[in-house]
Amino acid sequence: MSSTAETTPRRRRRQELLSSSIVVARRLLADGGLESVTMLAVSREIGIAGPGLYRYFPSRADLLRVTYRDVLDELVAHVRAAIARQPAGDRAAAVQALTNAMFAWSVAHPHEFDLLLGAGLRLVEDGAPVGGESGGGTFYEVAALAFPPVVAQWADGAVRFDEPVVPELAADLGARRDALLAVFPDAPRDVPLGLVVAVRVAWQRTFGLLCMTAYGHVTEPDGPVRRDYITALLDDLNARNLALFGLTPSPAAVLEPVFEPGAGSSGSGTATPENTAPEPFLAGAYPATEAGTTARGGTGRRARLRRELLAEALRSARRLLDEHGPDGVTMQAVAKDVGIAAPGLYRYFDGRPGLLHATHQDVVDELLAYVETARARQPADDPSAQCHAVIDALFRWCLAHRNEYDLLMSGRMRISLPGEDTPGEPRHAPLMALDRVGAVFAPIALAWWRAGCRVIPDDELLPALVPHLRAAREAMRGIPGFPPDVPLGLLHAMNLCSARLWGLLTLTVYGHMGDLDAPEAAAHLDALVLDLAADALDVFGQKLSAAVVLVRDTPGPSGPVR
């Protein structure tokens, strides 16, 4: 009994320290992102000596692992609560509530979302495990909540899923179905794999728009117009996803607004009431930007040496990025690598943000060169082959350069100079990574339209989207060769394809679609890409081309840095 009396206060103290550490880690994460969560910072906040924290968390990885689980539990609870607020038996409302709650939480907690999405990639060196026990990835617990209402639709005969699934995907889909049936034992055992396919398609579409929203890729700058546009895109996406299950948006749904009234979103940019209507996130066309903050002109010896050092610094930054991710690219590490004092590097880059910005632009240039080469290999009169080849090349390059893709997706969050930019005078050019890559698809879509492809009629577009699409079309008239009479439905079709493309690509790169190193991974990836390409083509009423030339190489560093 005396032993219990002696240990109870100790256990209580231990639990208090554990709880306080998680609270502090969560605050540090929300304020400064993943790299701000350190053992030293947490120790200082809770008032113990640095080494003392290691008695409770053997390593930073253990601290981050517990923080990760706390964040995921909060997200799942938030989504469950949103679903519980819907009218009983209203299946459409349940699915809509899931989507809106996921968006609202992620926009309000961008750094926490960043941890959930990228922990499997960014924490690999710390050994912190990531993902649900089902093997379906971190967000599997959220996506699974859509299973009961859509299964009920199928069980009632409201929708059928008779189309055969791609054989190479059948095993994975079967494993996903078994995992879902284990979580929901009351569901019928004979749920068709086609239903799992439909859930996966809806999730990929939603997740693509979610990532672009959370990381600020949809439009620039932030403000009321941007938020209205994203809300309209989400409403449209909800309606199209519900249609997969024979449902329509519910008028009784109690939905959480994605953006708090009067609040900005998590993307970069300064909220301004003067915002103009945004461009669609796929159809833009943007020029490449200068890699360094200093011009590369000049022909003298000093200018040549300067260019050589810039190129060497970028090569070093790219190597550090490839080996350690964005957090490994520091001024000190690059300066040491190129053999100069760290302060000397500031003559060439505007601090670490400037270095990361230049690295980001170099990565985009390399990726664009790779996909453009893939497109150039296809017949000039076969846009379907070009589309398939570009999608395939995107996946090949990004999976071979996962840390580089991480920088492209999350760059707006990681490359910032808080308080130093003034409205209208940004220190660095915008990081238009997805916009520039997406622009590769613009001439392909225009070729289909000129050939008379299927176009989404204007009366099938949500009214809230129309003014944004019209303004986008007007803004794009400055692009050489862009026809002023392009239908709004064509632009929106590109948006729809873009959402699923970036959703599946991001989930795959960050390890949420299975083990990339498994023996069957290559065939599985080929099947995923083929299915995605077929779906994108179908939006425009097109079929896969037998003339496509796909290269099965491993893309290595071949970018503009020489």
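Residues numbered from 1 in each chain as written. Predicted model: local features only at pLDDT ≥ 70, side-chain atom pairs only at ≥ 80, totals over all residues. Heavy atoms only, no water.

### What to know about the pattern of salt bridges
Enumeration according to the criterion identifies 28 salt bridges in this entry. Linking Arg27 and Asp31 is a salt bridge whose minimum nitrogen-to-oxygen distance equals 3.4 Å. Of this pair, Arg27 and Asp31 are both found in helix 1 (residues 2-32), four residues apart, which corresponds to roughly one turn of the helix. Taking relative accessible area as the criterion, Asp31 reaches 57% and is therefore assigned exposed. Taking the shortest distance from any N to any O, the salt bridge between Arg318 and Asp362 comes out at 2.8 Å. Separated by 44 residues along the polypeptide, Arg318 in helix 12 (residues 301-324) and Asp362 in helix 15 (residues 351-376) bring together distant segments of the chain. A relative accessible area of 10% means that Arg318 is categorised as buried. A single network of salt bridges, built from pairs that share partners, joins Arg26, Asp70, Glu74 and Glu112. (Salt bridge = Lys/Arg side-chain N within 4 Å of Asp/Glu carboxyl O. Helix = DSSP H or I, 4+ residues; strand = E, 2+ residues; numbered from the N terminus. Buried < 20%, exposed > 50% of the residue type's maximum accessible area, 1.4 Å probe, protein only.)

### Some points on the side chain of Asn495
With respect to the element layout, Asn495 can be found in helix 21 (residues 488-509). For Asn495, a relative accessible area of 2% translates into the label buried.

### A few points about the nonpolar core
Residues Phe113, Phe207, Phe349 and Ile391 are the most contacted members of the largest nonpolar core, which totals 149 residues. Take this core: its biggest share by element is 13 residues, from helix 21. Val95, Val151, Leu195 and Phe245 belong to the second-largest nonpolar core, a separate cluster that totals 23 residues. (Core = buried A, V, L, I, M, F, W, Y, C linked by side-chain atoms within 4.5 Å.)

### Regarding the packing of aromatic side chains
Taken as a whole, this structure holds nine aromatic pairs when the rule is applied. Ring geometry for Phe113 against Tyr215: centres 6.0 Å apart, planes inclined by 55°, an arrangement best described as tilted. Taken as a pair, Phe113 in helix 6 (residues 110-122) and Tyr215 in the loop between helix 10 (193-214) and helix 11 (224-243) lie far apart in primary sequence, 102 residues in all. Comparing Phe113 with Tyr215, the two get one shared label, buried. (Phe/Tyr/Trp six-rings, centres within 6.5 Å; stacked < 30°, edge-to-face > 60°.)

### Describing the packing of helix 10 against helix 11
Close contact between helix 10 and helix 11 brings their axes to 10 Å; oriented N to C, the two are set at 175°. Taken as axis vectors, helix 10 and helix 11 run roughly antiparallel relative to one another. Residues Ala202, Arg205, Thr206, Leu209, Met212 and Thr213 of helix 10 form the contact with helix 11, whose participating residues are Arg226, Ile230, Leu233, Leu234, Leu237, Arg240 and Asn241. Each residue belonging to the contact of helix 10 with helix 11 can be placed in one class, and the counts come to seven nonpolar, three polar and three charged. (Axes fitted to C-alpha atoms, helices over the stretch in contact; angles between N-to-C directions. Parallel < 35°, antiparallel > 145°, perpendicular 65-115°, else oblique. Contact = heavy atoms within 4.5 Å. Nonpolar A, V, L, I, M, F, W, Y, C, P; charged D, E, K, R; others polar.)

### Thoughts on helix 21
The terminal C-alpha atoms of helix 21, which comprises 22 residues, lie 32 Å apart, in line with the 32 Å expected from a rise of 1.5 Å per residue. Among the 22 residues in helix 21, 22 count as buried, and that is most of the element. (Expected span 1.5 Å × (residues − 1).)

### Points about the side chain of His217
The topology assignment puts His217 in the loop between helix 10 and helix 11. For His217, a relative accessible area of 2% corresponds to the buried category. Reaching out from His217, the side chain makes a polar contact with the backbone oxygen of Met409 at a distance of 2.7 Å. (Polar contact = N/O pair within 3.5 Å; in protein donor to acceptor, adjacent residues only side chain to side chain.)

### Quick word on the state of the cysteines
By the definition in use, this model includes zero disulfides. Not part of a disulfide, Cys387 finds its nearest cysteine sulfur in Cys497, a span of 7.1 Å. (Disulfide = S-S within 2.5 Å.)

### Observations regarding the confidence of the model for the chain
Averaged over all residues, the pLDDT of the chain is 85; the fraction at 70 or higher stands at 85%. At the level of individual helices and strands, the chain shows its lowest average pLDDT in helix 3 (residues 50-53), which scores 82, and its highest in helix 5 (residues 91-108), which scores 97. In this model, residues 131-135 is a region of pLDDT below 50 whose contacts with residues beyond four sequence positions or in other chains number 10 contacts. For residues 264-296, every residue scores under 50 in pLDDT, and the model assigns this stretch 103 contacts once sequence neighbours within four places are set aside. (pLDDT = per-residue confidence, 0-100.)

### Points about the environment of Gln204
Here Gln204 shows up in helix 10. Note on Gln204: relative accessible area 1%, which makes it buried. Sequence separation between Gln204 and Leu504 is 300 residues; the distance between their C-alpha atoms is 5.4 Å. Setting aside chain neighbours within four positions, we find Gln204 in contact with Ala499, Arg500, Gly503, Leu504, Leu507 and Met513.

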